[in-house]
Number of protein chains: 4
Amino acid sequence: MNFDIAPAAATPIYRQIVDQVRRLAASGQLAPGAELPSVRAVAQQHAINPMTVSKAYSLLEAEGLLQRRRGLGMVLAEAATPAAAGDKAALLRPALAGAARMAKQLGLSDAEAQALFQACLQDPSSKAPYEHD
Amino acid sequence: MNFDIAPAAATPIYRQIVDQVRRLAASGQLAPGAELPSVRAVAQQHAINPMTVSKAYSLLEAEGLLQRRRGLGMVLAEAATPAAAGDKAALLRPALAGAARMAKQLGLSDAEAQALFQACLQDPSSKAPYEHD
Amino acid sequence: MNFDIAPAAATPIYRQIVDQVRRLAASGQLAPGAELPSVRAVAQQHAINPMTVSKAYSLLEAEGLLQRRRGLGMVLAEAATPAAAGDKAALLRPALAGAARMAKQLGLSDAEAQALFQACLQDPSSKAPYEHD
Amino acid sequence: MNFDIAPAAATPIYRQIVDQVRRLAASGQLAPGAELPSVRAVAQQHAINPMTVSKAYSLLEAEGLLQRRRGLGMVLAEAATPAAAGDKAALLRPALAGAARMAKQLGLSDAEAQALFQACLQDPSSKAPYEHD
DNA sequence: GTGGTCTAGACCACA
DNA sequence: GTGGTCTAGACCACT
């Protein structure tokens, strides 16, 4: 399991992790009982502070999404079943709504905006949103 | 000219202004030479501090998008044609790319994501993205 | 007589005028009794506010360098004889001293700095110093 | 690392900092990855407001010359090689070009101007340029 | 510890 | 009228 982290992005690192776990859990790509990479492993891999990863995990634990298994690290909580389509939509909508407002301000037609989105869906490269210059 | 400001959003106010001017300039809705509302006017209208508005304008000036007409106010730079102000697509793509990655992590199909985006384009309500809790 | 005015520069317009008249008078390029261009002419030629030109002339009058001849406009005061070389140097030194400090911070040798200055002396084009981005 | 700040000069403090960092980066005296003194440290050392320092750093970040290491401080951007930071000559030329035009207006010969510049290079004392009266 | 953001208010300078 | 600059102090967020 790899997190997709952009240290220079505007969204704080701990939040990038939290949001990603939420989404992976909602989609079922992370199954109940599945182990998460250790704090140290994540920290080392992305050259970030272990405290940052730990903070993210702690938040997810407080939320009930993760469980601490002694000596084993964190695993996805058994109760964390994949979400219904509606719930998934709720996690995605804010981002899309923001993009939609931007498209309007840019004077793009709905068709143009959708074409651009389609391109992004097919090409998963490119950077994170809201980066500071 | 009115800015669309959400004081409670996670994105700082000054940045909301900066981003909006960029998009309005790129779309041509703000023509080169056009006057921007005065710092004091914007501040009063949205009940925010003049310095916050001033900060946004200063950044845009440093960026070359705005020019100071001394003692008169700020105008959109003559050189800031919609083309020069940056591709519309370039201003929108980061947000869409981020949303696309989220959709993948949620296990949504491209069609599902597109449908949700379509809904957002037609319903301009809803909140700003990336709000902190 | 033409003033060399850069409306976008950091130094205020009125001060650009004041300093220029001082230098032209010190050098003798503007002789005692010589007429200065009218406020309206300068304002129109450079698309600046007549009040700005007027302010500059008033300051120079208060300084004794200009005299108001009724119906004739401003003329250089009879008492304004060309300055000695030492005085001219005094008007130029601050600018050169600032440039010298910059050269040091840039790690340029004296020879390199002088070569660059020599180039500037021979090519009178290029922009004003201290422009805001 | 110490900044050279003149609180009484006409050039605003934040701009003195910005310009100095630019020059130190261009000269290589500040290497990519090097840490800058903290906002609070600079503020305390020169008895100025932290926001003033912060403003300078923010501008330099927007410019791409500095990068924020969250929670740690600012470092010179990795991409900011002396070359990329802008030609040394480009940073010095505007000041020299302005001085050259002044010299012409003063009726000084190139040799006289050069001699005066030479003196300034050897005597690093003297005041900042463009002080308002 | 770090920087970011905003406020409130002051004073200046320019046109 | 306009924006620019700085201060003092608050609170937040990240590491």
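The preceding data block contains the structure.
First, a word on what this report is: a plain description of the structure on this page. This structure is a prediction, so every number in the text was calculated from the model and none was measured. (Residues numbered from 1 in each chain as written. Chains lettered and ligands numbered in written order. Predicted model: local features only at pLDDT ≥ 70, side-chain atom pairs only at ≥ 80, totals over all residues. Heavy atoms only, no water.)

### Quick look at the overall build of chain A
To keep it simple, the criterion reads: Helix numbering and strand numbering both begin at the N terminus, where a helix is a DSSP run of H or I of at least 4 residues and a strand a DSSP run of E of at least 2. Residue contacts follow a heavy-atom distance rule, with two residues in contact if any of their heavy atoms lie within 4.5 Å. Computed with the Shrake-Rupley method and a 1.4 Å probe, the accessible areas treat only the protein chains shown as cover for residues.
For chain A, the count of helices and strands is five helices and two strands. From first element to last, N terminus to C terminus, chain A shows the α and β order α-α-α-β-β-α-α. For chain A, the share of sequence-separated contacts (at least 6 apart) that also reach a separation of at least 24 residues comes to 55%. Taken as a whole, chain A presents about 6,600 Å² of accessible surface, with 53% of it coming from carbon and sulfur.

### Notes on unusual backbone geometry
Residues and elements named next belong to chain A. Applied cut-off: Only protein chains enter the accessibility calculation, which uses a 1.4 Å probe; a residue is then buried when its area is under 20% of its type maximum, exposed when over 50%, and partly exposed in between.
If you check the backbone angles, Ala47 has positive phi at about 55 degrees while not being a glycine. Here Ala47 lies in the loop between α2 (39-46) and α3 (50-63). With relative accessibility at 70%, the residue Ala47 sits in the exposed group.

### Points about the protein's contact with DNA strand E
We count it as follows: Nearness is defined per residue: one heavy atom within 4 Å of the molecule or strand is enough. Think of a polar contact as two N or O atoms within 3.5 Å of one another; within protein, one of them needs to be a possible hydrogen donor and the other a possible acceptor, and neighboring residues in sequence only count if both atoms come from side chains. In the scheme used here, Gly and all other residues not listed as nonpolar or charged are polar, with Ala, Val, Leu, Ile, Met, Phe, Trp, Tyr, Cys and Pro taken as nonpolar and Asp, Glu, Lys and Arg as charged.
Near DNA strand E you find 27 residues, and of these Ile13 and Asn49 of chain B, Pro12 of chain C together with Arg40 and Met51 of chain D are the closest. Backbone atoms, meaning sugar and phosphate, make up 67% of the atoms of DNA strand E lying within 4 Å of the protein. Contact distances for DNA strand E include 3.4 Å between a phosphate oxygen and a side-chain N or O atom of Lys55 of chain B. For DNA strand E, a sugar or linking oxygen lies 3.3 Å from a polar atom in the side chain of Asn49 of chain C. Going through the elements one at a time, α1 (13-27) and α3 (50-63) of chain B, α1 (13-27) and α3 (50-63) of chain C together with α2 (39-46) and α3 (50-62) of chain D are the ones with two or more residues in the surface near DNA strand E. For the surface near DNA strand E, a count of residues per class yields eleven nonpolar, eleven polar and five charged.

### A short note on the packing of aromatic side chains
The line we're drawing: Classification of ring pairs rests on two measures: the distance between centres of Phe, Tyr or Trp rings, Trp counted by its six-membered ring, which must be within 6.5 Å, and the angle between planes, read as stacked under 30 degrees, edge-to-face over 60 and tilted in between. By the criterion adopted, a ring carries a charge over it if an Arg CZ or a Lys NZ lies within 6 Å of its centre and within 35 degrees of its normal.
Going through the model one piece at a time under the given rule, you end up with two aromatic pairs over all chains. When the ring centre of Tyr14 of chain C is taken as origin, the NZ or CZ atom of Lys55 of chain C, which lies over that ring, is 4.3 Å away.

### Description of the pairing of strand β1 (residues 66-69) of chain C
Residues and elements named next belong to chain C. Using the following cut-off: Between any two strands, pairing holds if DSSP finds at least two bridges.
Sheet topology places β1 next to strand β2 (residues 73-76); four bridges connect them, and they run antiparallel. When the bridges of β2 are listed, Gln67 appears paired with Val75. The antiparallel pairing of β1 with β2 creates a hairpin that spans three residues between the two strands, and Gly71 there sits at a positive phi of about 75 degrees.

### A short note on the interface of chain C and chain D
Formally: Buried area is understood as the total, over both parts, of accessible area removed when two parts are fitted together, assessed with a 1.4 Å probe. A pairing counts as a salt bridge when a side-chain nitrogen of Lys or Arg comes within 4 Å of a carboxyl oxygen of Asp or Glu.
Facing the 48 residues of chain C at the interface are 48 residues of chain D. Across the chain C to chain D interface the summed buried area is about 4,700 Å²; carbon plus sulfur atoms make up 64%. By the criterion of area lost to chain D, the three top residues of chain C are Gln105, Leu106 and Leu121 of chain C, representing 15% of everything that side buries. Taken together, the links from chain C to chain D amount to one salt bridge. The residue Asp4 of chain C makes a salt bridge to Arg101 of chain D at a minimum N-O spacing of 2.8 Å. Here chain C and chain D share 13 residue pairs in polar contact (both at pLDDT 80 or more) between them.

### Observations concerning the protein's contact with DNA strand F
DNA strand F sits among 27 residues. The nearest are Pro12 of chain A, Arg40 and Met51 of chain B together with Ile13 and Asn49 of chain D. Protein-proximal atoms of DNA strand F, defined as those within 4 Å of the protein, fall in sugar or phosphate at a share of 67%. Take Ser54 of chain B: an N or O atom from its side chain is 3.1 Å from a phosphate oxygen of DNA strand F. At a separation of 2.7 Å, a base nitrogen of DNA strand F approaches a polar side-chain atom of Asn49 of chain D. Counted by class, the surface near DNA strand F contains eleven nonpolar, eleven polar and five charged residues.

### Re the interface of chain B and chain A
Taken together, the 48 residues of chain B in the interface contact 48 residues of chain A. Roughly 4,800 Å² is buried in total at the junction of chain B and chain A, and carbon and sulfur atoms are behind 64% of that figure. The largest contributions to the chain B side of the interface with chain A come from Gln105, Leu106 and Leu121 of chain B, which together make up 15% of the buried area. In this structure, the connection of chain B to chain A is made through one salt bridge. Of all the elements in the fold, those that place two or more residues in the side of chain B that touches chain A are α1, α4 (88-105) and α5 (110-122) of chain B. Looking at the side of chain B that touches chain A element by element, the count peaks at 17 residues for α4 of chain B. Classifying every residue of the side of chain B that touches chain A gives 24 nonpolar, twelve polar and twelve charged.

### Thoughts on the packing of helix α5 (residues 110-122) of chain A against α5 of chain B
What counts here: A fitted line through C-alpha atoms serves as each axis, taken over the contacting stretch for helices, and the angle formed by two N-to-C directions is quoted from 0 to 180°. For classification purposes, an angle smaller than 35 degrees is called roughly parallel, one larger than 145 roughly antiparallel, one from 65 to 115 roughly perpendicular, and anything else oblique. Crossing handedness: left-handed means the near helix sits turned counterclockwise from the far one by under a right angle, and right-handed means the same turn made clockwise.
Relative orientation of the contacting elements α5 of chain A and α5 of chain B amounts to 150 degrees, with a least axis distance of 10 Å. Between α5 of chain A and α5 of chain B, the angle is such that the two are roughly antiparallel. In this structure, the crossing between α5 of chain A and α5 of chain B has a hand that is right-handed. Facing Asp110, Ala113, Gln114, Phe117, Gln118, Leu121 and Gln122 of chain A of α5 of chain A, the residues of α5 of chain B in contact are Asp110, Ala113, Gln114, Phe117, Gln118, Leu121 and Gln122 of chain B.

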